[in-house]
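Summary of the model geometry
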Amino acid sequence: MLDRLPEAPAEGDLEVAYVARGAALVACETARELAVETLLAERALQDRWREAPPTRRRPWPW
């Protein structure tokens, strides 16, 4: 959601809007980086699991 300025914005209103938008961009970029890092870690874990030798299964389920 975009911030709305008052009818007659003062310089301070514009500065507050720019700072708020900058903070939102930083938060978004941080969340994106975390999502990418998590995805890459999940894929690496899946790759290691696929490459691991199969474990010996017991004939009983317990």
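Further up the page is the structure itself.
This write-up is about the structure you can find in this document. (Residues numbered from 1 in each chain as written. Predicted model: local features only at pLDDT ≥ 70, side-chain atom pairs only at ≥ 80, totals over all residues. Heavy atoms only, no water.)

Overview of the overall build of the protein chain
Across its full length, the protein chain carries one helix and zero strands. For a compact globule of 62 residues, the expected C-alpha radius of gyration is about 11 Å, and the protein chain comes in at 25 Å, more than 25% above that figure. If one aligns the C-alpha atoms of the protein chain with their principal axes, the spans along those axes are about 80 × 25 × 10 Å. Taking all 62 residues of the protein chain together, 0% fall into the buried category. (Helix = DSSP H or I, 4+ residues; strand = E, 2+ residues; numbered from the N terminus. Rg over C-alpha atoms; globule rule 2.2 N^0.38 Å. Buried < 20%, exposed > 50% of the residue type's maximum accessible area, 1.4 Å probe, protein only.)

Some details on the environment of T30
Mapping T30 onto the fold places it in helix α1 (residues 11–51). Owing to a relative accessible area of 46%, T30 belongs among the partly exposed residues under this scheme. As for T30 and D3, which are separated by 27 residues in sequence, their C-alpha atoms are 21 Å apart.

With respect to the pattern of salt bridges
A full pass over the atoms with the stated rule returns two salt bridges. Between R50 and D47 there is a salt bridge, and its shortest N-O distance comes to 3.2 Å. In this pair, R50 and D47 are both assigned in helix α1, three residues apart and thus about one turn of the helix distant. With a relative accessible area of 39%, D47 lands in the partly exposed category. (Salt bridge = Lys/Arg side-chain N within 4 Å of Asp/Glu carboxyl O.)

Here we look at the layout of surface pockets
Estimated volume of the largest pocket: approximately 200 Å³. Of the residues in the lining of the largest pocket, the class split is eight nonpolar, no polar and two charged. (1 Å grid on protein atoms, 1.4 Å probe; cavity = no way out; pocket = protein on both sides within 12 Å on 5 of 7 lines; lining within 4 Å. Points joined across faces, edges and corners; volume = space filled by probe spheres on them. Nonpolar A, V, L, I, M, F, W, Y, C, P; charged D, E, K, R; others polar.)

Section: a nonpolar patch on the surface
Among the surface-exposed residues, L5, L14 and Y18 lie close enough to one another that they form a single nonpolar patch of about 320 Å² accessible area. Looking at the secondary structure, you find L5 in the segment before α1. (Patch = residues over 30% accessible without salt bridge, like charges linked within 9 Å, V, L, I, M, F, W, Y side chains within 5 Å. Areas by Shrake-Rupley, 256 points an atom, 1.4 Å probe, with all protein chains shown as cover.)

Some remarks on the environment of W49
The residue W49 is located in helix α1 in this model. On a C-alpha basis, the gap between W49 and L2 in space is 44 Å, while along the polypeptide they are 47 residues apart.

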